[in-house]
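Descriptive structure summary
Next come the chains, spelled out residue by residue.
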Amino acid sequence: MEKLSGGDILIRSLAEEGVEYLFGYPGGAALHIYDAVFRQKAVQHILVRHEQAATHAADGYARSTGKVGTVLVTSGPGATNAITGIATAYMDSIPMVVISGQVMSDKIGEDAFQETDMVGVSRPIVKHSFLVRDASKIAETVKKAFYIASTGRPGPVVIDIPKDITNPVDKFDFDYPDKVKLRSYTPIAKGHTGQIKKAAQLLLQAKRPMIYAGGGVVQGNASEQLIELVRLLNAPCTNTLMGLGAYPGSDEKCVGMLGMHGTVEANMAMHHADVIFAVGARFDDRVTNTPSKFCPSAKIIHVDIDPASISKTVAADVPIVGAVDAVLDELLEIIKAEDAKPDEQALAQWWKQINEWRERYSITQTPRYETGGMLKPQEVVSALYEVTNGDAYICSDVGQHQMFAAQYYHYDKPRRWINSGGLGTMGFGLPAAMGVQMAHRDANVVCVTGEGSIQMCIQELSTCAQYNLPVKIICINNQALGMVRQWQDMQYDSRYSESLYEDSLPDFVKLMEAYGHVGMKVTKREELKQKLEECFAMKDKTVFMDIYVDPNEHVYPMHIAPEGSMRDMWLNKTERT
Amino acid sequence: MKRIISLLMENEPGALSRVVGLFSQRGYNIETLTVAPTEDASLSRLTLTTAGDDHKIEQITKHLNRLIDVVKLVDLTEGAHIERELMLVKVRATGAQRAEVKRCVDIFRGQIVDVTSSVYTIQITGASDKLDSFFQAVGEASIIEVVRSGVSGIARGEKILSL
Ligand SMILES: Cc1ncc(C[n+]2csc(CCOP(=O)(O)OP(=O)(O)O)c2C)c(N)n1
Ligand SMILES: [Mg+2]
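Parameters at a glance
- Residues numbered from 1 in each chain as written.
- Chains lettered and ligands numbered in written order.
- Predicted model: local features only at pLDDT ≥ 70, side-chain atom pairs only at ≥ 80, totals over all residues.
- Heavy atoms only, no water.
- Pairing = 2+ DSSP bridges.
- Helix = DSSP H or I, 4+ residues; strand = E, 2+ residues; numbered from the N terminus.
- Axes fitted to C-alpha atoms, helices over the stretch in contact; angles between N-to-C directions.
- Near = heavy atom within 4 Å.
- Polar contact = N/O pair within 3.5 Å; in protein donor to acceptor, adjacent residues only side chain to side chain.
- Areas by Shrake-Rupley, 256 points an atom, 1.4 Å probe, with all protein chains shown as cover.
- Nonpolar A, V, L, I, M, F, W, Y, C, P; charged D, E, K, R; others polar.
- Buried < 20%, exposed > 50% of the residue type's maximum accessible area, 1.4 Å probe, protein only.

1. A look at the sheet that holds strand β11 (residues 254-257) of chain A
All names here are of chain A.
- Here six strands make up an open sheet; going across it, the order is β11-β10-β9-β12-β13-β14 and the pairing parallel. Two strands in the sheet have a free side with no partner beyond their single neighbour: β11 and β14 (318-321). Ignoring strand direction, the axes of neighbouring strands in this sheet form an average angle of 15°.
- With three bridges connecting them, strand β9 (residues 209-213) and strand β10 (residues 237-239) associate as parallel partners. Bridge assignment links A213 to a residue of β10, and that residue is N239.

This is how it looks when you write it as structure tokens:
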């Protein structure tokens, strides 16, 4: 049998798992591993400029491909810098494996140089973690880590490896296992047939059905089944922030996003529905508004791979635990075999009502912003949608711009909308876009950001230069931490505590030039479209568009909280539903 | 309501901290906790007591089951079960008190396991509420030190928790 060092075993194991890119940053405890990286070609290492970016890049890679994102960092500060990205992936159930170097086994616990208890620090934000104590266990541990990260409800897995374990001098047999056995972990595939039948009955009898699809449909590759279900039932469908693209956003059965900044029609339809089919969604507090007032007349069917998500905040009448694709396949079969058909008359009534809401409230029909005066952030996203033909990968940062990108760009395919929905991590956008661009070299990959968020991982412009990543950065510059400012307007009498920069913003155009990229500044409505077109015509360039917009704009519609129900929304600064 | 949750988990470093961490992370309370290896050296058995309504307990058991290290789990309070806790207690016992304490220990079927001229060390086993009532019987004032093992439990009859 082949004999290899621990470091070589680790990298060979990654190659066996089909890892193309390893996003990382070197340091003392990881140097044996880095030497192993150097001596092979199968796995390409991408050197980021901050470990947080390594995790976000791996995350973007994972979200856009469905494969496991892989990260390598050193001990201590390398490991702790990775924490924000691990937590981001954890909250959105993204498959990721993070390998961290650790101090020598015999130094663990002695407060050795660059020692951090990585397994301990990461414990609440990982699906699982391993501390490898024996080089002969590396291959098996990697196999387990990838299996755990990518199956069931996906999530990040940490492998912490003390330096002595990867010592090039000590050699071990290498034989990569083809299977793992974990007696305590058996992801559920199929749902319970009896429950699925009950769901079918309810859906066929529904007079005001509503389909509420979340990130689980994207992660679980079940969009096709979802589309077929919507068609069969002739039911309206809403996507969550994480689920945008699960059902095509520009299709007429899509009523848009639901929740705090969702469309009024989606939230109204949820509120008035008699049967809600929630699939791969988790009744997040940003969706439900006040849980006790949530959808008073609805029977709730909830399909999720994670039993702990079911009846967590809102009780399900028909809980179904299973992989969304398998459950939807079975549900479709059952519905097709039924003699009963959806209630055409009731549905016609329902659609009539929904179309009335649309006419009255839809953001595409009546913009939620004034179209005069300064350029508006919403207009920027709409123009971006047109210029990219709605077919770009949009990687968003966090803030108002994120909500505008969710509202005014329409996602017709899954995995095109990449955002930190659960943790809301500013700084996510640019590194995530790098990971997406690595996976889709010829695609239009856009980072929609704000002048606040971009400065949280702006060092990655250097990584873009090193790997020729032609990411297009659309910075919606409202000269403020806009989302914070909006809340301060609404709840604190416009006392802008620490949400303004006092003219300290850098000249982004010059900054881009310093990195060898292209910077463009836009201030006028008239030049927006053309400049965007110029930007996207530069196929091989990293381009940053610094677009100055109205700083007074708020994101609407917006749930009225606390105490509000799904249908209670602000339409603009003064009007409400 | 008090619940006794008993589980088998991988006998590996970090497993216990994951279980305990889950409780603090999700804002659940652990009242008692015991862990020890089982006849199968690769498994530990952990028993904990916690309180909460059905919804909370359901969430706790689901989240425990989600931990990769947890192999099998049972809520013993859902069925007939035997609950035991061991307590060692030092009681001040001088003069006439000595006979009084001794009588009390007998009633509770405890044992005096160590004696000095002024102190009895007493061992009592039983369900937690029995141990609680011993305090009242002997008089809280005379108790100088208490150590309790936390609850262990097992289902009655044929029902077992094993792989
Ligand atoms: C790391 C981190 N810190 C703080 C916050 C809180 N936060 C949410 S949105 C926001 C403002 C973002 O500003 P900017 O990127 O300019 O976006 P805008 O809202 O102006 O569009 C802040 C500070 C966060 N989400 N993430
Ligand atoms: Mg801003």
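2. Quick look at the site of ligand 1
Residue and element names in this part refer to chain A.
- By nearness alone, 18 residues border ligand 1, and Q400, G424, E451, S453 and G482 come closest of all.
- In this structure, G482 approaches ligand 1 through a main-chain N or O atom, which is 2.7 Å from an oxygen atom.
- At 2.9 Å from an oxygen atom of ligand 1 is found a main-chain nitrogen or oxygen belonging to M483.
- Protein burial of ligand 1: of its 580 Å² of free accessible surface, 76% is covered by the chains.
- Going through the elements one at a time, α16 (400-408) and α19 (482-491) are the ones with two or more residues in the shell around ligand 1.
- The leading source of residues in the shell around ligand 1 is α19, at three residues.
- Looking at the shell around ligand 1 residue by residue, the class counts come to eight nonpolar, nine polar and one charged.

3. Overview of α16 of chain A
- Within α16 of chain A, nine of the nine residues are buried, which leaves it mostly tucked inside the rest of the structure.
- Inspection of α16 of chain A places Q400, H401, Q402, M403, F404, A405, A406, Q407 and Y408 of chain A among the buried residues, and these make up the whole buried set.

4. Quick word on unusual backbone geometry
- Residue P557 of chain A is bonded to the preceding Y556 of chain A through a cis peptide linkage, with omega at 0°.
- Structurally, the position occupied by P557 of chain A is in the loop between β20 (543-548) and β21 (558-559).
- Between A561 of chain A and the following residue, P562 of chain A, the backbone shows a cis peptide bond with an omega angle of -10°.
- If you trace the backbone, P562 of chain A turns up in the loop between β21 and β22 (569-570).
- Its identity as a non-glycine residue notwithstanding, E498 of chain A has a phi of 60°, on the positive side.
- Looking at the element boundaries, E498 of chain A is found in the loop between α19 and α20 (508-514).
- In this structure, R109 of chain B is a non-glycine residue whose phi angle is positive, near 50°.
- Summarising the element assignment, R109 of chain B is placed in the loop between α3 (97-107) and β6 (111-115).

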